Amino acid sequence: MQKKLIHFLLQLCLIRDSSSVPECDWLWKNSLSEEWKHCLLTLDLHRLTPLVAYKLNVFGLLIKVPEPYREQLQASYKRIQKVNKCFLLTLDAILKAMQQYDLHPVVWKGAM
């Protein structure tokens, strides 16, 4: 069951619209606390917990996650939001400083 849980959560990250979310009631009913614990450890190891939390929230599934693990997912997402905001503010400051020297960077990936 543990692999099914991780598989479902990773699959969820690749889905763009809610009409494509597979039926998952079995997941919430049959997943044990230890399975959630191991799953979140694995997601943390690969730095995917914030993305999974975001997708669960977008598709209205976060409420179905058992309480202590829901809180962990939400905390991870909020933490990465703060980190990303700091990165964007830093990038903005760098781009403004470059603009003062008439430097025009080409942004290939990311925030722009």
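Our structure is the block above this text.
Residues numbered from 1 in each chain as written. Predicted model: local features only at pLDDT ≥ 70, side-chain atom pairs only at ≥ 80, totals over all residues. Heavy atoms only, no water.

Novice: Could you give me a rundown of the packing of helix H3 (residues 33-45) against helix H5 (residues 67-100), with the residues and numbers involved?
Specialist: In contact at an axis separation of 10 Å, H3 and H5 are set at 15° when each is read in the N-to-C sense. The orientation of H3 with respect to H5, classified from their angle, is roughly parallel. Crossing angle aside, the handedness with which H3 passes H5 is left-handed. Judged by residue contacts, Ser33, Trp36, Lys37, Leu40 and Asp44 of H3 engage Tyr69, Gln72 and Leu73 from H5. (Axes fitted to C-alpha atoms, helices over the stretch in contact; angles between N-to-C directions. Helix = DSSP H or I, 4+ residues; strand = E, 2+ residues; numbered from the N terminus. Parallel < 35°, antiparallel > 145°, perpendicular 65-115°, else oblique. Left-handed = near helix turned anticlockwise from the far one by under 90°. Contact = heavy atoms within 4.5 Å.)

Novice: Lay out the pattern of salt bridges with the relevant residues and their values.
Specialist: Going through the model one piece at a time under the given rule, you end up with 2 salt bridges. Where Lys96 meets Asp92, a salt bridge forms, and the shortest distance between an N and an O atom there is 3.1 Å. Linking Lys96 with Asp92, this pair stays in helix H5, spanning 4 residues, or about one helical turn. Given the relative accessible area of 34%, Asp92 is considered partly exposed. (Salt bridge = Lys/Arg side-chain N within 4 Å of Asp/Glu carboxyl O. Buried < 20%, exposed > 50% of the residue type's maximum accessible area, 1.4 Å probe, protein only.)

Novice: Could you give me a rundown of the environment of Leu5, with the residues and numbers involved?
Specialist: Looking at the secondary structure, you find Leu5 in helix H1 (residues 2-14). Leu5 has contacts with Leu27, Ser31, Glu35, Trp36 and Cys39, leaving out every residue within four places of it along the chain.

Novice: Lay out the packing of helix H4 (residues 49-58) against H5 with the relevant residues and their values.
Specialist: Helix-helix packing: each pair is described by the crossing angle between the helix axes and the interaxial distance. Here H4 crosses H5 at 110°, and the two axes come no closer than 8 Å. By the criterion of interaxial angle, the relationship of H4 to H5 is roughly perpendicular. Where H4 approaches H5, its residues Thr49, Pro50, Val52, Ala53, Tyr54 and Leu56 are matched on the opposing element by Leu73, Ser76, Tyr77 and Ile80. Its residues assigned to classes, the contact of H4 with H5 shows 8 nonpolar, 2 polar and no charged. (Nonpolar A, V, L, I, M, F, W, Y, C, P; charged D, E, K, R; others polar.)

Novice: Can you tell me about H5, naming the residues and giving the values?
Specialist: Its 34 residues give H5 an end-to-end C-alpha distance of 50 Å, which sits within 8% of 50 Å, the value for a rise of 1.5 Å per residue. Buried positions along H5 lie against H3 and H4. Following H5 by one or two positions, Asp102 adopts a phi angle in the positive range, close to 60°. (Expected span 1.5 Å × (residues − 1).)

Novice: How would you sum up a nonpolar patch on the surface? Please name residues and give values.
Specialist: A cluster of nonpolar side chains, Leu51, Tyr54 and Val58, forms an exposed patch at the surface whose accessible area comes to about 250 Å². Within the secondary structure layout, Val58 lies in helix H4. Judged by its relative accessible area of 44%, Val58 falls in the partly exposed class. (Patch = residues over 30% accessible without salt bridge, like charges linked within 9 Å, V, L, I, M, F, W, Y side chains within 5 Å. Areas by Shrake-Rupley, 256 points an atom, 1.4 Å probe, with all protein chains shown as cover.)

Novice: How would you summarise the nonpolar core if you had to cite specific residues and measurements?
Specialist: Phe8, Leu9, Trp28, Leu56, Leu61, Val65 and Leu73 are the most contacted members of the largest nonpolar core, which totals 23 residues. Contributing elements (two or more residues each) for this core: H1, helix H2 (25-30), H3, H4 and H5. A total of 6 residues in this core trace back to one element, the largest contributor, which is H1. (Core = buried A, V, L, I, M, F, W, Y, C linked by side-chain atoms within 4.5 Å.)

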